[in-house]
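Coordinate analysis (summary)
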Amino acid sequence: MIKFFLMVNKQGQTRLSKYYEHVDINKRTLLETEVIKSCLSRSNEQCSFIEYKDFKLIYRQYAALFIVVGVNDTENEMAIYEFIHNFVEVLDEYFSRVSELDVSFFNTVFHGTWQAHSSPYQESIDEPPKICSALEPQQACFSPDSSFKGAASTTPIY
Amino acid sequence: MSDIVEKTLTALPGLFLQNQPGGGPAAAKASFSSRLGSLVRGITALTSKHEEEKLIQQELSSLKATVSAPTTTLKMMKECMVRLIYCEMLGYDASFGYIHAIKLAQQGNLLEKRVGYLAVSLFLHESHELLLLLVNTVVKDLQSTNLVEVCMALTVVSQIFPREMIPAVLPLIEDKLQHSKEIIRRKAVLALYKFHLIAPNQVQHIHIKFRKALCDRDVGVMAASLHIYLRMIKENSSGYKDLTGSFVTILKQVVGGKLPVDFNYHSVPAPWLQIQLLRILGLLGKDDQRTSELMYDVLDESLRRAELNHNVTYAILFECVHTVYSIYPKSELLEKAAKCIGKFVLSPKINLKYLGLKALTYVIQQDPTLALQHQMTIIECLDHPDPIIKRETLELLYRITNAQNVTVIVQKMLEYLHQSKEEYVIVNLVGKIAELAEKYAPDNAWFIQTMNAVFSVGGDVMHPDIPNNFLRLLAEGFDDETEDQQLRLYAVQSYLTLLDMENVFYPQRFLQVMSWVLGEYSYLLDKETPAEVIAKLYKLLMNDSVSSETKTWLIAAVTKLTPQAHSSDTVERLIHEFTISLDTCMRQHAFELKHLHENVELMTSLLPVDRSCEDLAVDASLSFLDGFVAEGLSQGAAPYKPHHQRQEEKLSQEKVLNFEPYGLSFSSSGFTGRQSPAGISLGSDISGNSAETGLKETNSLKLEGIKKLWGKEGYLPKKESKTGDESGALPIPQESIMENVDQTITKKDQSQVLTQSKEEKEKQLLASSLFVGLGSESTVNLLGKADTVSHKFRRKSKIKEAKSGEASSTHNMTCSSFSSLSNVAYEDDYYLNTLHDRGDKELKTFSLNSELLDSESLTELPLVEKFSNCSLSTPSLFADNSMEIFHPPQSIAASVAKESSLASSFLEETTEYIHSNAMEVCNNETISVSSYKIWKDDCLLMVWSVTNKSGLELKSANLEIFPAENFKVTEQPGCCLPIMEAESTKSFQYSVQIEKPFTEGILSGFIRPLKISSEDFGKLWLSFANDVKQNVKMSESQAALPSALKTLQQKLRLHIIEIIGNEGLLACQLLPSIPCLLHCRVYADVLALWFRSSCSTLPDYLLYQCQKVIEGS
């Protein structure tokens, strides 16, 4: 079962977070700090799964952005690992070359996408909707504003 | 599915555009987005946490002003919500906005509503008070004609919904299962899945509809229903065996690429769906050969298809391997799966290696020889630079530990432990080491030293069971007394040496263990005198780094040693110093010691040597305090209130929001006895029958925070309920092992001949020491020399064998007559509580079965009518209930009327109990079997009545009842009947009792009236913590309270205590003795039910039953 989903950049700034079990807001910050710390401490030669407390972290790095999913013991790590990639592919298609800025800027869109993507929340995974635009009416009001492109890294994360 | 989502929703943007008045003024839009933009930009630009905090606090205060301003439009509100979400995501409290998020969801147009819902689902949690305010909105949106609104409402329900309000939306969501749009159906299924997770009792009546969802023509809906099935099958796999065929067919289609291309991920068809299905199959096929056989083909196919070299196929393969090893084994598949594991383990890709190790860890429990094949890889992984890989390897080694390799494995574990700093890892690993050491220790010295390491590293974070078990082990000893003494002596010696070392700090728990052992077993020493030991303990006592809890352990040890030391200055000094201690506990102990010290004779009799295991008689009722209590009460002291009662009172004072109409309180109806001055009479009651009430009170005394060390059986660590789960010895063909051994030996020979680098040699050496037990030794074990020999520290008799939970839950009944020519195999499984309404249900199941499956049930259907060889599945008493009737071919008509009169004559004998009507189980020309249930006070009596309608004698009829989990079935006397005369009726009686209280799937057959007075009701009511409330609409026929209650009494066997005006009190109990109370109140045609019980699931269940009864009638 998925416990939480995080997008954090290398500086430790949270870009997106979703918890499936209620975690106190103060504990969230602490948890996110620890999670990104343990992700950053890993090298390429080490595996993408970390044991953290009584659950497992599965992470993938895209440019400076880490996507981390916390799951419990019963989950298939590799399935989640690929699931993250699938999610990023969907985003990439939606934004055409998705970047970290998009993530922070279109927070709600991301939540919506992730929601649709992993709809049977917690218990594993659903097939991803390839085209999310139809699901995401927000786009209309948050059209990308080019003046902010410099704010965060615009390197495509995928 | 995505294709369909697209199709469904491409029609929708048109709607949005209509609702969006032209997108609004462009300038306003820019300013909104730029506010979020500037926030994001601002935060990104900052360098320190402090600055960020300042910025966000600023942002939050401006947001707070905006959201509470009356002029804020919904549109602005939506923008504010987005920023609030962002702030809260960064960890800043934005709780002031929660209520506005709910408002936005209530009032906004489509887009605003959506943001509102999203904010709610991110901000709130299940038990948040504000969530109740959302229910109305959800109900409204569910009824909306706009698909998007329905979708949003369903989404939010599947994410977050208050448990108590489920009945309000349940019928609406059930309707949505028939909706014409796939996406709505899918979301409805997910919402029901959520309900199943949080309140399974409330959705148990829609299981049939889940089956429909499973065979929905849309893949998405089907996939969603799999989540529910996975969950339900995990809880009870035997109930869904009939669906195996469907799952297999679905998987076949998925694997065969029959799904739309949209479901492909890197040209692998629906990988996550496959994984889900494989998991379900694994659960279904576990220990069930017949079911497993159905899936061999498709598993083979899956293994074959997943050849593609891509990560996601590995994920599928991993799941396949898991399933293959979970179900009833088939050698071909096992071989293939083992090959797959090899591929994983040998892969240079680190993630795959991890997966391989994980698979191997699982598989090795079934087939330890696989470890031999991969031993070199395992050794490499043991020294892998990645600690995660190392850990996984240790986990694997833990599973293959035996008496031969235990020292090496434990050493490796300890090495890892010394490097690790993470608390969770330490706790986990320390527990494992302790377990292994206890099970396989080769000798005393090693055992004590390992445990010393465990205690010093595990310190105060480890599980408290570990020191407790260790001490119990020492105290209870093993079969050999001299061995025991040696172990104890060694422990004492090693602790004394440890204490001699200067400047070493031991964790408190370790010191506690030491002090107990020294206190108990120092007498075994020859050299050191007790006085010397006392001196050492004294030194520790004076140490400031020792906690006061440990100090009490130390004093206790000193107290035990004092009688042996005769006279000791140290003791006197100690008494002198601690009688003035500021710590009350210490002072108490010191005074005890002082008084005992003055009376040596009493002391030696109180503290005998080596008697820690002997039983002490404990006066649990504390009757010696009765006089004291009575005196206190007569002087006006308040009577004792049990913990939960006090808590209840405290809670009732603290309650913030009262969701109940004020009328529902009890104060009017005479439960005031509790607080009134009648307390004195209550008090005299207590002292009157102290034996009983005293016992009750001590039971309810909460010993929280108090370490319970001594009890009736002496020293009281937790009873271990572990049984030897290490017996991984499985029936493996012997030759294969021999072969393996040969292989390894030849391998070793070869390797020795070859010149090798030194490193290699070391590894080989390590390998041979690690895998030693798996080769030759395990053959010996398998040959019959039980594994038990290797259990060095086997507990004496005191281990309570865990009840064989796997007791077969079949309940077979075999009636056979003498001359049998044709057989009737009548297989039925019906749940006790659904006996009444089986008729129609069974039909439904059938029609569904035939829809769903291409398996046997279809072919069986016509045969039911023929009655010559039928097996039909109906709901039944216990899981699998098969009855076989062999009947003579002669068909001699017998009047059914006669039979029923016979049956009723039998029932007359038992009329003092309530009984069900006779249910015909099966019937044909020669024989008829029917059953009744009689609800006796202490058990459920099942009566099977067999009528022989033929004119011939029935020579032998047996009724065989097989045990079912959680139930005890006892045969009543006079049940065997060797000969049955023509045209007569005989009955078999079986009493069914619940063996231990369990509440999963409570059976209505075990609900009994609880006859108590109104006052008792009041007292009990306050003492129960679990309550459930619900309003039920009554039908006109029973609008009056008495008639409604009468129905409940008859149908559910609740006891009516009293009816006061429009309120009624009822009580019942679940056998053997779980009480549940019900308070009813009538407003117009609505009946407000309020349940309370000591058990959390019972009220839910009863509520469901009551609803059924009242709404149904």
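Since this is a predicted model, take the numbers as computed values, not measurements. (Residues numbered from 1 in each chain as written. Chains lettered and ligands numbered in written order. Predicted model: local features only at pLDDT ≥ 70, side-chain atom pairs only at ≥ 80, totals over all residues. Heavy atoms only, no water.)

1. Quick look at the packing of helix 2 (residues 77-95) of chain A against helix 19 (residues 350-363) of chain B
Put simply, helix 2 of chain A and helix 19 of chain B touch, their axes get as near as 10 Å, and they point 150° apart. By the angle between their directions, the pair helix 2 of chain A and helix 19 of chain B is classed as roughly antiparallel. Contacts between helix 2 of chain A and helix 19 of chain B pair E77, M78 and Y81 of chain A from the former with N351, L352, Y354, L355 and K358 of chain B from the latter. Considered class by class, the residues forming the contact of helix 2 of chain A with helix 19 of chain B number 5 nonpolar, 1 polar and 2 charged. (Axes fitted to C-alpha atoms, helices over the stretch in contact; angles between N-to-C directions. Helix = DSSP H or I, 4+ residues; strand = E, 2+ residues; numbered from the N terminus. Parallel < 35°, antiparallel > 145°, perpendicular 65-115°, else oblique. Contact = heavy atoms within 4.5 Å. Nonpolar A, V, L, I, M, F, W, Y, C, P; charged D, E, K, R; others polar.)

2. Concerning helix 13 (residues 219-235) of chain B
Residues and elements named next belong to chain B. Taking 1.5 Å per residue as the helical rise, helix 13 with its 17 residues ought to reach 24 Å, and the 25 Å between its terminal C-alpha atoms agrees with that figure. Within helix 13, 14 of the 17 residues are buried, which leaves the element mostly enclosed by the surrounding structure. The backbone nitrogen of G220 has a side-chain oxygen 3.1 Å away, supplied by the residue at the start of helix 13, namely D218. (Expected span 1.5 Å × (residues − 1). Buried < 20%, exposed > 50% of the residue type's maximum accessible area, 1.4 Å probe, protein only. Polar contact = N/O pair within 3.5 Å; in protein donor to acceptor, adjacent residues only side chain to side chain.)

3. Observations concerning the pattern of salt bridges
According to the stated counting rule, one finds 30 salt bridges over all chains in the structure shown. Where K56 of chain A meets D73 of chain A, a salt bridge forms, and the shortest distance between an N and an O atom there is 3.4 Å. Taken together, the positions of K56 of chain A in strand 4 (residues 55-62) and D73 of chain A in the loop between strand 5 (65-71) and helix 2 put the pair 17 residues apart, joining distant regions of the chain. Looking at D73 of chain A, the relative accessible area reads 55%, which means it is exposed. The partner of E79 of chain B in a salt bridge is R83 of chain B, with the nearest N and O atoms 3.0 Å apart. One end of the pair is E79 of chain B and the other is R83 of chain B, both in helix 5 (residues 74-89) and 4 residues apart, which spans about a single turn. A single burial state applies to E79 of chain B and to R83 of chain B, both of which are buried. (Salt bridge = Lys/Arg side-chain N within 4 Å of Asp/Glu carboxyl O.)

4. Section: the confidence of the model for chain B
Detailed conclusions should not be drawn from predicted coordinates in areas where pLDDT is low. All names here are of chain B. Confidence in the prediction of chain B, expressed as mean pLDDT, is 72, and 68% of residues score 70 or more. In this model residues 1-32 is a low-confidence stretch, pLDDT under 50, and it forms 41 contacts with partners more than four residues away in sequence or in other chains. This model gives residues 776-792 a pLDDT under 50, and the stretch forms 31 contacts once residues within four places in sequence are excluded. Taken over the whole predicted complex, pTM reads 0.60, whereas the ipTM for its chain interfaces reads 0.80. (pLDDT = per-residue confidence, 0-100.)

5. Structural notes on the sheet that holds strand 2 (residues 14-19) of chain A
Residues and elements named next belong to chain A. Taken in spatial order, the 5 strands of this open sheet run 2-1-5-4-3, and their pairing is antiparallel. Every interior strand has two partners, whereas the edge strands, strand 2 and strand 3 (49-52), have only one. Across this sheet, the average inter-strand angle for adjacent strands is 20°, counted without regard to direction. Note that strand 1 (residues 2-9) and strand 5 share 7 bridges and pair antiparallel. Counted as the bridge partner of F4 is G70 from strand 5. Sitting on the sheet, helix 1 (residues 25-40) touches strand 1, strand 2, strand 3, strand 4 and strand 5, and the angle it makes with strand 1 is about 70°. (Pairing = 2+ DSSP bridges.)

6. Comments concerning the packing of aromatic side chains
A full pass over the atoms with the stated rule returns 23 aromatic pairs over all chains. Summarising the aromatic geometry, the rings of W1021 of chain B and W1090 of chain B are spaced 5.2 Å apart at their centres and angled 85° between planes, so their arrangement reads as edge-to-face. In this pair, W1021 of chain B sits in helix 44 (residues 1014-1023) while W1090 of chain B sits in strand 19 (residues 1086-1093), placing the two residues 69 residues apart along the sequence. By way of ring pairs, the aromatic residues F447, F455, F470, Y495, Y506 and F510 of chain B are connected into one cluster. The ring of Y81 of chain A has R60 of chain A lying over it, and the distance from NZ or CZ to the ring centre is 4.1 Å. (Phe/Tyr/Trp six-rings, centres within 6.5 Å; stacked < 30°, edge-to-face > 60°. Lys NZ or Arg CZ within 6 Å of the ring centre and 35° of its normal.)

7. Some details on the environment of E126 of chain B
Residue and element names in this part refer to chain B. Here E126 lies in the loop between helix 7 (110-123) and helix 8 (132-142). Assessed through its relative accessible area of 32%, E126 is described here as partly exposed. Along the backbone, E126 and I198 are 72 residues apart, and their C-alpha atoms lie at a distance of 9.7 Å. Once you skip the residues sitting within four places of it in the chain, E126 turns out to touch L131, Q159, I160, F161, P162, K194 and I198.

8. Looking at the pairing of strand 4 of chain A
Residues and elements named next belong to chain A. Across the 8 residues of strand 4, 7 count as buried, placing the element largely inside the fold. Summarising the sheet, strand 3 and strand 4 pair through 4 bridges and their orientation is antiparallel. Bridge pairing links Y52 to F55 in strand 4. Taken together, strand 3 and the strand that follows it, strand 4, pair antiparallel across an intervening segment of 2 residues, in which K53 is found at a positive phi of about 50°. Of the pairings in the sheet, the one linking strand 4 to strand 5 comprises 7 bridges and is antiparallel in character. Pairing of R60 across the sheet is with I67, part of strand 5.

9. Details of the packing of helix 6 (residues 98-107) of chain B against helix 7 of chain B
All names here are of chain B. Closest axis-to-axis distance for the helix 6/helix 7 pair is 7 Å, and the angle between their directions is 145°. Considering only the axes of helix 6 and helix 7, their crossing is left-handed. The residues of helix 7 that touch helix 6, namely those facing Y98, A101, I102, L104, A105 and Q106, are E112, K113, V115, G116, Y117, A119, V120 and F123. Of the residues belonging to the contact of helix 6 with helix 7, the class tally is 10 nonpolar, 2 polar and 2 charged. (Left-handed = near helix turned anticlockwise from the far one by under 90°.)

10. Quick notes on helix 25 (residues 444-458) of chain B
All names here are of chain B. The end-to-end C-alpha separation of helix 25 is 20 Å, in line with the 21 Å expected for 15 residues at 1.5 Å each. Counting buried residues along helix 25, 11 of its 15 residues qualify, which places the element largely inside the surrounding structure. Every buried residue of helix 25 is listed here: N444, W446, F447, I448, T450, M451, N452, A453, V454, F455 and G458. Elements that come into contact with the buried residues of helix 25 comprise helix 23 (406-419), helix 24 (423-440), helix 26 (465-476), helix 27 (481-500) and helix 28 (508-521). Just downstream of helix 25, G459 is the residue with a positive phi angle, here 50°.

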